[in-house]
Every structure is written in C-alpha cells, then in structure tokens.
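Survey of secondary and tertiary structure
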Amino acid sequence: MSNTAGPSSFASATASLPAVAEPFVQLYRAFWTLESIPASTLELCRLRQAQLHGSEVAWQHREVELPSLQREELRHWPQSNHFSDAERACLSLAEVHAMDAQAISDAQANAVKAHYGEVGLVALVQALGVFDTIVRLGLIWAVSSGEVA
Amino acid sequence: MAKAARVSPPDSSTGNLIRDSAMGLVAETIDHYVALTLAIWDKGPLGAADIELARLRSAHHVGCVVCKAVRYDVAVADGLDERQASRIGDDISAGDFSPRQQLILQFVDLYLHSPGLPEKSMQRALDAEFSSEEQAHLALALAYFNSSSRCAVALGGMPDSLPRFEMPVPR
C-alpha cells in the first residue's frame, strides 16, 4: 500500500480487505440516522475534529448540510451565537475527546446527557471515536476525498 | 478519569460482552459493533497476536484500564508473548520486539501521535513486511480498538487497576 500518491478515499485505501472494511463503513453510516442525537450535531463535531487534527480533506467533506454561518464560525464556536446549547455541550466534549478522552469531565458528560440522555452520550462518544479514526487514517493515507462510503 | 460510570448498561443478559455493556444502549449501532469485532478477529490476514500488540499499545496510550488488562484468548493461542505484552508501553526498542512487531508498534505510534504520511523509509519497510491486505487490516483493527478504548474511558467507571485476565472474542 505505497501511498506516495495517496489513495483517493477511505474506500480505495481499504479496497484490498472488503471483509473488514465493509462492516467499518456500515458502522460509520449508522451514525447519520440515529434517533438519540441529530446528524447535524454530529456533523459539527466531525468538522471540529477535522479542524483540530488539521485535516483539510475532512473539513471540506460534507456529510450533512449545515448553515453556512455554523461552518464559518465553528472554529470560534464558544464566542458565536449560532450554536444551540445542545450543540455547545457536544462540541465541548468533542474537543476534549480529540485530545484525551480521560480528561472529559463529569460536567461535560452531564451537559450532553441533559440534552440527549444516556443513550445520546453513548452515541456521541461512539461517533466521535469512529470519526476520529477516519480523520487519522485519512491523514496517514493522504486521501484526496473525505468520502467514506 | 471518571471513577463513577456515567451511564447504566442496558437491562440485557445476552452473554455478549459488547451487547450487554453501555455500548448496547445505541440500538442503531450495536449490531455493527458486533459484526466489526468479528470481522477484525476472523476475516483479516494478520495473526491474532499481531492484532493484540497493536490493541494493547493503543489501550496503553488511551489509558483504558480494562483494555490494558484484557488478553484475548485467540491472541494467547496465537503465541502472544506476555513478557512483551506487559512492556507494551515501553520504548519500542526496549521490548525485545521483532522487526515486524516494531513496525506494527511504529504504525500505532504514528496513528496516535502524529497522523500523517509515514516517512518513506517507514513506508518501504511496511511494504516489504506487510501485504496491502495486512496493512489495511492493521489500520482498521487499530482504528476500531482505539475508538472503543476512547469510548470506554469517556463513559467512566474505570477501576484504578485490574489484573491481567483472558477473555474470548465476544460472539
């Protein structure tokens, strides 16, 4: 898997092993239709991870359409009035998760639960973990597209 | 690290560790987690001992006490060296790892600490040692276990320490 040129996408990087890649893609897809937490909120978190990891490819990818002002102001979300309290709770947790999951505070976890319940908290940390892997592997493989499936 | 669990597991007793854990609360994802777990252990070209080394290196970095204590029985049966496993957090050159094992751990470290294109020398070494299928397997297994360890830590309830224990792959 020489990647000097870089595969075009997650799918092409893992095309040699569909028996493992396909269940991974199915898991990724499942996050965009959850009952417990809106896809738009997860997209905000995915994009914030892309910013924190410095992945231009993941940042440019659009899994869910968001209001343009949210994309424009995402880097400075704490100072912006374009994010709801629920989105702020998730973004706050997502930022810590990206650096050190051990550092997530009870207050941050409780804030997410206040909006989305226990199921929502579990769904969020599941999604953050999978999104994080997509960004990291994309950087290692130098993919040119953020498309996962 | 949160001492108290932040969520309660589902009221189920399927006997599958993943389904009966807090992960099972999310109905839309649980079947996919179980399927992916089985695919990683059963459907890739890497041996279980190689996968386990990558999993343990990641678990050590994330700080997941449970993940660090677990030894999957398939990895032990595949020849996992407990002396190496117990030193998985050490400097790679200090653990008496084979060149192949060192490459696995170097890939894990790249993923964890500075994800980006591997140095050309490292990529050449990976290409010489691992097939394209094996490299994809290593990447996907690491991705899965790292994300799972982060999930476990984020949901709290970790003990301060736990002795090593063997368990089967949840099926």
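Residues numbered from 1 in each chain as written. Chains lettered and ligands numbered in written order. Predicted model: local features only at pLDDT ≥ 70, side-chain atom pairs only at ≥ 80, totals over all residues.

1. Observations regarding the overall build of chain A
Threshold: For helices the rule is a DSSP run of H or I covering at least 4 residues; for strands it is a run of E covering at least 2, with both sets numbered from the N terminus onward. In this setup the radius of gyration rests on C-alpha atoms only. A globule is expected at 2.2 Å times the number of residues raised to 0.38. With C-beta atoms placed from the backbone, a residue is labelled by how many other C-beta atoms lie within 10 Å of its own: buried for 20 or more, exposed for 12 or fewer, partly exposed between the two.
Secondary structure assignment for chain A yields seven helices and zero strands. Taken from N to C terminus, the helices and strands of chain A fall in the order α-α-α-α-α-α-α. In terms of overall dimensions, chain A is globule-like: its C-alpha atoms have a radius of gyration of 15 Å, near the 15 Å expected for 149 residues. Dimensions of chain A along its principal axes, counting C-alpha atoms only, are 45 × 30 × 30 Å. By the burial criterion, 47% of the 149 residues in chain A qualify as buried.

2. A short note on the overall build of chain B
For chain B, the helix and strand inventory stands at eight helices and two strands. In chain B, the succession of α and β elements from N to C terminus is α-α-α-β-α-α-α-α-α-β. In terms of overall dimensions, chain B is globule-like: its C-alpha atoms have a radius of gyration of 16 Å, near the 16 Å expected for 171 residues. C-alpha atoms of chain B, sized along the principal axes, occupy 50 × 30 × 30 Å. Looking at chain B as a whole, 43% of its 171 residues qualify as buried.

3. Comments concerning the packing of helix 3 (residues 39–53) of chain A against helix 7 (residues 106–141) of chain A
Residue and element names in this part refer to chain A. For clarity, the cut-off: Orientation is described by lines fitted to C-alpha atoms, with helices fitted over the stretch in contact, and by angles between N-to-C directions that extend from 0 to 180 degrees. By definition, turning the near helix anticlockwise from the far helix through less than a right angle yields a left-handed crossing, and turning it clockwise yields a right-handed one. Any residue pair is listed as a contact if its two C-beta atoms, each placed from the backbone, are within 7 Å. Any residue outside Ala, Val, Leu, Ile, Met, Phe, Trp, Tyr, Cys, Pro, Asp, Glu, Lys and Arg is labelled polar, Gly included; the first ten of those are nonpolar and the last four are charged.
The contact between helix 3 and helix 7 brings their axes to 10 Å, and the two run at 40°. The way helix 3 lies across helix 7 gives a crossing that is right-handed. Contacts between helix 3 and helix 7 pair Leu 42, Cys 45, Arg 46, Gln 49, Ala 50 and His 53 from the former with Ala 127, Leu 128, Phe 131, Asp 132, Val 135, Arg 136 and Leu 139 from the latter. Partitioning the contact of helix 3 with helix 7 into residue classes produces eight nonpolar, two polar and three charged.

4. Some words on unusual backbone geometry
Residues and elements named next belong to chain A. Located in the positive-phi region is Ala 142, a residue other than glycine, with phi close to 55°. Assignment of secondary structure puts Ala 142 in the segment after helix 7. Looking at Ala 142, the number of C-beta atoms within 10 Å reads 17, which means it is partly exposed.

5. Concerning the confidence of the model for chain B
All names here are of chain B. How we decide: A residue's pLDDT is the predictor's confidence in that residue, given on a scale from 0 to 100.
Mean pLDDT for chain B: 95, with 99% of residues reaching 70 or above. Mean pLDDT across the elements of chain B ranges from a minimum in helix 5 (residues 82–86), with 93, to a maximum in helix 4 (residues 73–77), with 98. Two numbers describe this predicted complex: its pTM, 0.96, and its ipTM, 0.95.

6. Observations regarding the interface of chain A and chain B
Each partner contributes residues to the interface: chain A has 41 residues there, and chain B has 45 residues. At the level of elements, helix 2 (18–30) and helix 7 of chain A are the ones that each hand at least two residues to the side of chain A that touches chain B. Among the elements that take part in the side of chain A that touches chain B, helix 7 of chain A stands out by supplying 17 residues, more than any other.

7. A few points about helix 8 (residues 132–154) of chain B
All names here are of chain B. Convention followed: A helix is expected to span 1.5 Å multiplied by its residue count minus one.
The end-to-end C-alpha distance of helix 8 is 33 Å, a good match for the 33 Å that 23 residues give at a rise of 1.5 Å each. Among the 23 residues of helix 8, 21 are classified as buried, and the element is accordingly described as predominantly covered. After helix 8 finishes, the residue Gly 156 shows a positive phi value of roughly 75°.

8. As for the environment of Trp 141 of chain A
Summarising the element assignment, Trp 141 of chain A is placed in helix 7. Along the primary structure Trp 141 of chain A and Ser 8 of chain A are separated by 133 residues, whereas in three dimensions their C-alpha atoms are 8.9 Å apart.

9. Details of the nonpolar core
Stated formally: By convention in this section, buried Ala, Val, Leu, Ile, Met, Phe, Trp, Tyr and Cys residues joined through C-beta atoms within 7 Å make up a nonpolar core.
One finds Val 122 and Leu 124 of chain A together with Ile 40, Leu 138, Leu 140, Ala 141 and Leu 142 of chain B to be the most contacted residues of the largest nonpolar core, which totals 98 residues. If you tally residues by element for this core, the top one is helix 7 of chain A, at 19 residues. Once residues lying within four places of it in the same chain are set aside, the contact partners of Leu 140 of chain B are Thr 14, Val 20, Ala 21 and Phe 24 of chain A together with Ile 40 of chain B.

10. Structural notes on the environment of Glu 43 of chain A
Residue and element names in this part refer to chain A. Residue placement: Glu 43 occurs in helix 3. A residue is classified by how many C-beta atoms lie within 10 Å of it, and Glu 43, with 22 of them, is buried. Once the C-alpha coordinates of Glu 43 and Ser 105 are considered, the two residues, 62 residues apart in sequence, prove to be 22 Å apart. Other than its neighbours up to four places away in sequence, Glu 43 contacts Glu 63, Val 64 and Leu 66.

11. Structural notes on the environment of His 113 of chain B
Residues and elements named next belong to chain B. Note that His 113 resides in helix 6 (residues 99–113). Judged by C-beta crowding, with 8 C-beta atoms within 10 Å, His 113 ranks as exposed. Note: C-alpha distance between His 113 and Pro 163 (50 residues apart in sequence) is 27 Å.

12. Considerations on the packing of helix 2 (residues 48–62) of chain B against helix 8 of chain B
Residues and elements named next belong to chain B. At their nearest, the axes of helix 2 and helix 8 sit 9 Å apart, and the two run at 35° to each other. In this structure, helix 2 meets helix 8 at a crossing whose hand is right-handed. Together, Ile 51, Ala 54, Arg 55, Ser 58, Ala 59 and Val 62 of helix 2 and Leu 138, Ala 141, Leu 142, Phe 145, Asn 146, Ser 149, Arg 150 and Val 153 of helix 8 make up the contact between the two elements. Here the contact of helix 2 with helix 8 is built from residues that sort into nine nonpolar, three polar and two charged.

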